Amino acid sequence: MFKVNENYLKLPGSYLFSTIGKKVAAYTAAHPEKEIIRLGIGDVTQPLAPAIIEAMHKAVDEMACKETFKGYAPDLGYEFLRSAIAKNDYQDRGCDIAADEIFVSDGAKCDCSNIQEIFSADCRIAVCDPVYPVYVDSNVMAGRAGEYNTVTEMFSNVIYMPCTEGNNFSPEFPKENPDLIYLCYPNNPTGATITKDELQGWVDYANKIGAVILYDAAYEAYISEADVPHSIYECEGARTCAIEMRSFSKNAGFTGVRLGFTVVPKELKDADGVALHGLWARRHGTKYNGAPYIIQKAGEAVYSEAGKAQLKEQVAYYMNNAKVIYDGLKEAGFSVSGGVNAPYIWLKTPGNMTSWEFFDHLLEDVNVVGTPGSGFGPSGEGYFRLTAFGTYENTVKAVERMKTLL
Ligand code: PLP
């Protein structure tokens, strides 16, 4: 009789967002008359920008014509998109990244979870706590995380770096040396950021101990402050220790369109001098079909003059929501952080409620849905995440309702 991959059985409990979905569905079924406002899942609500829609229509028409029809896409992405990314996201910011170091994909979630495949099974991983769950779960599936302790809610082989109010939600270097360090800035879920000097410290540390930083910059477009780096390649020495993941989901509303990319510099090599660039290229070629031409054309439009202007407005719309939440809840007496360089507000649950108690309280008393902090890791207990990706009208309404809670 066949057996399943036992690593999957080590995954704790049910997935955070499916638990939220079930609770909301049960409440809605019992109270169909109530208007629920969802500020839980970090999904966008604004339609695609006109420049992107126009590019997609044009690409569809090309597919209808014998001369311009496209079949299989190149494994690593079309040259036009890889060049646009290298120029706009890196070279224009003074980062030394070439088009052939960009690997186009269908999103950062897949890249964040698949990248661990090219590392040895005995590599130790370090993650922030709280953390975007994909980093840990993908390593659990790969058998790298060890055993789950139901009391501490931690895996034995994972190095957790607590991010709490005490350290301003910014992790310290771990006591034991990791091989792979996951960093996400601007951060999901805390909305915290890192200064360029602080990130340089991590790059120096990784180079010193021979570790790789897996840098998730999915929320880069939301940076508003000058000393916050947009890419890890702004730091000296990052080419020998860092891989960066990006997404078109949050800067351009592509959650239903699907596009992202990963940067693997050619200098990045393991202890035996094996280049990760070649390994990731091989992995892409074998296990990934490439993003469709129409979608990559849509991605190219993100970097057009019209696209840039329209997306700046879209990001500003969500960041205005972030300000509404941050200012409104702070004024009401909540303890809040994030929301300045990120579309997430991280608030302390009032009255020592657990994250899930506050979730239920919010859902049942004011019909607002958020995300319990404990779902992102043990250090998230006692915290709660709200997203700025709702509509302005719903965001204002949700904050007014929450003000009545204190
Ligand atoms: N990385 C982080 C930190 C995220 O929060 C998310 C989505 O919420 C992703 C990656 C996923 O990005 P994508 O939609 O490109 O798969």
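Please read all numbers here as calculations on a predicted model, not as lab measurements.

S.K.: For this particular structure, what's the right way to read the overall build of the protein?
M.R.: Each helix and strand counted, the protein has 12 helices and 15 strands in total. Here the C-alpha atoms of the protein give a radius of gyration of 21 Å, agreeing with the 22 Å that 2.2 N^0.38 yields for 406 residues. Across the 406 residues in the protein, those meeting the buried criterion constitute 54%. Accessible surface, the protein: about 17,800 Å² in total, of which carbon and sulfur atoms supply 53%. Charge separation in the protein, taken as the distance between the mean sites of 37 positive and 52 negative side-chain charges, equals 3 Å.

S.K.: I keep staring at the pairing of strand S15 (residues 383-387) and nothing clicks. Help me out?
M.R.: Regular strands show a simple pattern: their side chains alternate between the two faces of the sheet. Most of S15 sits inside the fold, with five of its five residues counted as buried. Relative to S15, strand S14 (residues 371-372) is paired through two bridges, and the arrangement is antiparallel. By the bridge assignment, Thr371 is partnered in S15 with Arg385.

S.K.: Help me understand the pairing of strand S2 (residues 102-105) in this model?
M.R.: Judged by which residues are buried, S2 turns out to be covered on both faces: Ile102 and Val104 on one side and Phe103 and Ser105 on the other are all buried. Sheet topology note: the S2/strand S10 (residues 260-263) ladder contains four bridges and is antiparallel. Opposite Phe103, over in S10, you have Thr262 as the bridge partner.

S.K.: Just checking my understanding: could you explain a negative patch on the surface for this structure?
M.R.: On the surface, Asp197, Glu198, Glu225 and Asp227 cluster together into a patch of negative charge. Here Glu198 is to be found in helix H6 (residues 196-209). The partly exposed category is assigned to Glu198, whose relative accessible area is 37%.

S.K.: Looking at this model, I keep getting lost on empty space enclosed by the protein. Mind explaining?
M.R.: Unoccupied space between atoms shows up once a probe the size of one water molecule is rolled over them. In total, this model carries one cavity of 30 Å³ or more according to the counting rule given. The calculated volume of the largest cavity comes to roughly 80 Å³. The wall of the largest cavity is formed by Asp89, Ala217, Ala218, Glu220, Ala221, Arg246, Ser247, Phe248, Asn251, Phe261 and Tyr303. Looking at the lining of the largest cavity residue by residue, the class counts come to six nonpolar, two polar and three charged.

S.K.: I tried to follow the sheet that holds strand S7 (residues 180-184) on my own but got confused; where do I start?
M.R.: Consider a sheet: its strands pair through backbone hydrogen bonds, and that pairing is either parallel or antiparallel. Taken in spatial order, the seven strands make up an open sheet running S2-S10-S9-S8-S7-S3-S6, and their pairing is mixed. The open sheet has two edge strands with one neighbour each: S2 and strand S6 (158-162). Taken pair by pair, the neighbouring strands of this sheet meet at an average axis angle of 20°, ignoring direction. Summarising the sheet, strand S3 (residues 125-129) and S6 pair through five bridges and their orientation is parallel. Within S6, the position partnered with Cys128 by the bridge is Met161. Across the sheet, helix H3 (residues 79-90) is in contact with S2, strand S9 (242-247) and S10; its angle to S2 comes to roughly 115°.

Reading guide: rules and limits
- Residues numbered from 1 in each chain as written.
- Predicted model: local features only at pLDDT ≥ 70, side-chain atom pairs only at ≥ 80, totals over all residues.
- Heavy atoms only, no water.
- Helix = DSSP H or I, 4+ residues; strand = E, 2+ residues; numbered from the N terminus.
- Rg over C-alpha atoms; globule rule 2.2 N^0.38 Å.
- Buried < 20%, exposed > 50% of the residue type's maximum accessible area, 1.4 Å probe, protein only.
- Areas by Shrake-Rupley, 256 points an atom, 1.4 Å probe, with all protein chains shown as cover.
- Lys, Arg positive; Asp, Glu negative; His and termini not counted.
- Charge placed at Lys NZ, Arg CZ, Asp CG, Glu CD.
- Pairing = 2+ DSSP bridges.
- Patch = residues over 30% accessible without salt bridge, like charges linked within 9 Å, V, L, I, M, F, W, Y side chains within 5 Å.
- Salt bridge = Lys/Arg side-chain N within 4 Å of Asp/Glu carboxyl O.
- 1 Å grid on protein atoms, 1.4 Å probe; cavity = no way out; pocket = protein on both sides within 12 Å on 5 of 7 lines; lining within 4 Å.
- Points joined across faces, edges and corners; volume = space filled by probe spheres on them.
- Nonpolar A, V, L, I, M, F, W, Y, C, P; charged D, E, K, R; others polar.
- Axes fitted to C-alpha atoms, helices over the stretch in contact; angles between N-to-C directions.
- Contact = heavy atoms within 4.5 Å.

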